[in-house]
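So you can see what is in the structure, the chains are spelled out below.
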Amino acid sequence: MGFCMSVRDVLSPFTAWKNLFLDPVTIRDPLNDRPGAARYRGFHQNDVGRCIGCGTCETICQNGAIDMVPAEGIETKQGDSGLRPRIDYGRCCWCALCVDVCMTGSLTMSNAYKWVESDPDLFRFTPGVDRKYWDDAERGYRRPEDHRLTPRERAHMGEMAPEARIGSFDEIVHGYSIEQARLEADRCVACGLCVATCPAHMAIPDYIAAVRDGDYERGLRLLYDTNPFSQICGRICTHRCETTCAARHEGDPIAIRWLKRHICDQIPHEKYLEIVGKPAPATGKRVAIVGAGPAGLTAAFDLAKQGHSVTVFEALDKPGGMTRWGIPEYRLPYDIIDREVAVIRSLGVDIRCNQRIGRDISLKSLRNGHDAVLITLGLQLGRSTRIPGSDHADVRKSVDLLRQARACEDFGTPRQAVVIGGGNVAMDIARTLARLQKLAYGEVRVTVTALEDFAHFLADPEEVKEAGEEGILILDARGPQQVVVEDGKVVGLRTWRVKAIFDEQGRFAPSYDETDEQFHPGEMVVESIGQMTDTALLGDALSEQLAWNRGRLQVDLGGRTSESWLWAAGDMVRGPDVVSAVADGHRVAASIHAALNPMKERQ
Amino acid sequence: MRELYAKLNRLFPLGELTERRSNLAFITLTAEYLRPVLLHLRDREGFSHLVLLTAVDWLEEGQFQLSYLLSDRANGRDIGLRLMLPRDGASMESIHDLWPTAATYQRELREMFGIDFPGSPRINEEFILEGWTDIPPYRRDFDTLKFAQENFVARPGRETWDPARHMKDQLYPDGA
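First, a word on scope: everything that follows refers to the structure included in this document. Every value quoted in this text rests on a predicted model; they were computed, and no experiment measured them.

## Details of the overall build of chain B
- Per the secondary structure count, chain B includes five helices and five strands.
- In chain B, the succession of helices and strands from N to C terminus is α-β-β-α-β-β-β-α-α-α.
- In terms of overall dimensions, chain B is more spread out than a globule: its C-alpha atoms have a radius of gyration of 23 Å, far above the 16 Å expected for 176 residues.
- Dimensions of chain B, computed from C-alpha atoms along their principal axes, come out at roughly 75 × 40 × 30 Å.
- In chain B, which comprises 176 residues, the share counted as buried stands at 40%.
- Within chain B, counting contacts between residues at least 6 apart in sequence, those at least 24 apart form 51% of the total.

Pasting the structure below:
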């Protein structure tokens, strides 16, 4: 047979030998050496430090494969539920919707796709918490940069231009149209992380859903369930909720405050009274409240709804407290406060103005005529820097000037003014003075000197930005040293640069660079460095009886003082902001209601 | 692509042109002009290959959108034709006689969206869903989660926590 072979037949097997020197096409160990493609949607990874437990992955999962579970070593805190997604691989179909919707980008998919177990329950696992071999895999599916299920930027809010707004006290912010509000509401994933942060724990995702549905009556009902100052908070709330919004991680936080305002703006005033409803049958109990600010009136609202007879005594000639006398009109028009108060009055709350305790009424008489007394005195006294020259008549306190400005009293608008302070109140008085100057003299000459540097500034960034746009000069890290007085007149403020505000123990003890001195001219200096309660109103005898804690009235969780008939609430026991005062008003009302109904409480 | 669009537009009443890349563009048109435009593109312009045929459910508008993607391999360019159909009783002329592969796409669309293509081979036979009794699953009013929950059991022992409620329990248990 071999004799019949041609030369070619003999050589041909050897031609295959050339392939010996090429890379093999086959994979040597296909069970181990075959990684998934670079963007393969394999097993989940979760950067648990970045994950905020918002549960959006669970909500979007069309297979019901994800549970949110507490995870060891992960604490619940502001902006983080402390829960982490656990995935049931018996149901997952690797569609990656959970990765696409993830609000922080913490949830991704590795390119790993092999996992063998004999116990099927092990395929339910918490990525990033239960350690897996693919945890550090660098390849796999991540949401592409431009691929977003929710828009990154908030719906545009119209505002008056700086040139237009500086010459008047007109409200700056326009408010959302229905279309804008719906767009903004659509960005909310309704995770509810914000609810814990809101001092009043408002039902934020629910009222945003009401905006989305266009059901404003439902929205307003939800607002009034937790906050009878919703119209006001919709404009000037410190909106801490927005600092813990899930959307802030990869874009703008939801404009929660503006959506609240939007709901309020859509409902005609008559409808408010209908929605808020009628009080419960009269209980015959009488409660006196001193101070018609947000804390006092919120407590009045709650107690009146529960059927108690409530009388509010207000020292000034109109109710509203700091919302009326401390916040400039360009941020909060007066009629909003009037509408808010009218709702509270509609429940039968008797608000008596021009009734100052210690002058027109006494706490003792209130005690005798009522079953419970609540004091909400607020922070009406401005603190002084006590620097040389600060006792001059043209060194004013911002709290006094704001009150005078809102009462349209002429306090002698200075041609040039210097404000000491870097908080929101300092911005309020600077911007108020700027408007008065523009109206009186046609030009703005206001300098703000703040102790803090811009990296640690106290005022909201938008306040600083808007003040700058209005022509106000803001200087950071300036420590006031002396109000310079010449020939009996204030001529300006001398400052040193601040090196540090706190000492090594963290106590307030500013240190200065004395070589960096500046002089800021102005014929009025306004101190805006904090406020305190006028506790003298309580009278010596009562002050002696009451327990105090570092200058603040000591109260229990429900706001009750050491005197069983007396409660206290609001700025005088909490931090100064409206929504905290509202939350405190609810708390103290619940405590008073429980005390007035001891039998019911025991059941 | 603009040149091609201009040329086509002289022959047929077309909707707008959307250019995605220099070699990829989409043209909207009405259903009645689909066949002549497809024929023209296939026989005169070199778009010999039907890449895919797919649909989008515009539920709120009450319409389905069909997209026919064609490729001109010689010149390395693709063109998509888009048209809208009323969602109710959706039906479209079959193009299986132009490209036999269209029959497969049309059968898929019949099953997943419920769009009929009368005369298309085996159009009413099951494609990948066996024994399907629900509404077509790619319609946006099909509740995928509900279907999954009703048809696939969860392993016992599963438990979930609502983030907002969990935070309330952890951070302010007494309601404060």
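On we go.
## Considering helix 10 (residues 256–266) of chain A
- In terms of burial, helix 10 of chain A is largely enclosed, as nine of its 11 residues are buried.
- Within the span of helix 10 of chain A, buried status applies to I256, R257, W258, L259, K260, R261, H262, I263 and C264 of chain A.

## Description of the nonpolar core
All names here are of chain A.
- One finds I204, Y207, I208, L220, V312 and I592 to be the most contacted residues of the largest nonpolar core, which totals 89 residues.
- With nine residues, the single largest contributor to this core is helix 20 (residues 578–596).
- If we ignore the near neighbours within four places in the chain, the residues touching I204 are C194, V195, C198, C241 and I256.

## Examining the packing of helix 8 (residues 216–226) of chain A against helix 11 (residues 269–276) of chain A
Residues and elements named next belong to chain A.
- For the pair helix 8 and helix 11, interaxial distance at closest approach is 10 Å and the crossing angle is 60 degrees. On the basis of their axis angle, the class for helix 8 and helix 11 is oblique. When you trace helix 8 past helix 11, the crossing you get is right-handed. In this structure, helix 8 contributes E217, L220, R221 and Y224 to the contact, and helix 11 contributes K271, Y272, I275 and V276.
- Residues belonging to the contact of helix 8 with helix 11 are distributed by class as follows: five nonpolar, no polar and three charged.

## Considering the interface of chain B and chain A
- If you look at the interface, chain B gives 25 residues, while chain A gives 34 residues.
- Interface area, chain B with chain A, both sides summed: about 2300 Å², of which 55% is carbon and sulfur.
- Connecting chain B to chain A are three salt bridges.
- A salt bridge links D88 of chain A to R158 of chain B, with the nearest nitrogen and oxygen atoms 3.5 Å apart.
- Taken together, the connections running from chain B to chain A amount to 12 residue pairs in polar contact (both at pLDDT 80 or more).
- Among the elements of the structure, helix 4 (144–151) and helix 5 (163–171) of chain B are those that each provide at least two residues to the side of chain B that touches chain A.
- In terms of residue count, helix 5 of chain B provides more of the side of chain B that touches chain A than any other element does, six residues in total.
- When grouped by side-chain class, the residues that make up the side of chain B that touches chain A number 13 nonpolar, seven polar and five charged.

## So, the environment of L38 of chain B
Residue and element names in this part refer to chain B.
- Residue position: L38 is located in helix 2 (residues 34–44).
- Separated by 30 residues in sequence, L38 and Y68 have C-alpha atoms that sit 9.0 Å apart.
- Excluding residues that lie within four positions of it along the chain, L38 makes contacts with L70, L81, I95, L98 and W99.

## Thoughts on the pattern of salt bridges
- Going through the model one piece at a time under the given rule, you end up with 55 salt bridges over all chains.
- Put simply, R587 of chain A and D584 of chain A hold a salt bridge, and the shortest N to O gap is 3.3 Å. Here D584 of chain A and R587 of chain A lie together in helix 20, a separation of three residues that amounts to about one turn.
- You can call R587 of chain A buried: its relative accessible area is 18%.
- With a closest N to O distance of 2.8 Å, D97 of chain B and R35 of chain B form a salt bridge. Residue D97 of chain B is located in the loop between strand 5 (77–86) and helix 3 (102–112), and its partner R35 of chain B is located in helix 2; the two are separated by 62 residues in the primary sequence.
- Several salt bridges converge on common partners, so that one network encompasses R165, R331, D428, R431, R435, E463, K465, E466, E469 and E470 of chain A.

Procedures and definitions
- Residues numbered from 1 in each chain as written.
- Chains lettered and ligands numbered in written order.
- Predicted model: local features only at pLDDT ≥ 70, side-chain atom pairs only at ≥ 80, totals over all residues.
- Heavy atoms only, no water.
- Helix = DSSP H or I, 4+ residues; strand = E, 2+ residues; numbered from the N terminus.
- Rg over C-alpha atoms; globule rule 2.2 N^0.38 Å.
- Buried < 20%, exposed > 50% of the residue type's maximum accessible area, 1.4 Å probe, protein only.
- Contact = heavy atoms within 4.5 Å.
- Core = buried A, V, L, I, M, F, W, Y, C linked by side-chain atoms within 4.5 Å.
- Axes fitted to C-alpha atoms, helices over the stretch in contact; angles between N-to-C directions.
- Parallel < 35°, antiparallel > 145°, perpendicular 65-115°, else oblique.
- Left-handed = near helix turned anticlockwise from the far one by under 90°.
- Nonpolar A, V, L, I, M, F, W, Y, C, P; charged D, E, K, R; others polar.
- Buried area = accessible area lost by both parts, 1.4 Å probe.
- Salt bridge = Lys/Arg side-chain N within 4 Å of Asp/Glu carboxyl O.
- Polar contact = N/O pair within 3.5 Å; in protein donor to acceptor, adjacent residues only side chain to side chain.

Such coordinate-based values are descriptive only and should not be taken to indicate function.
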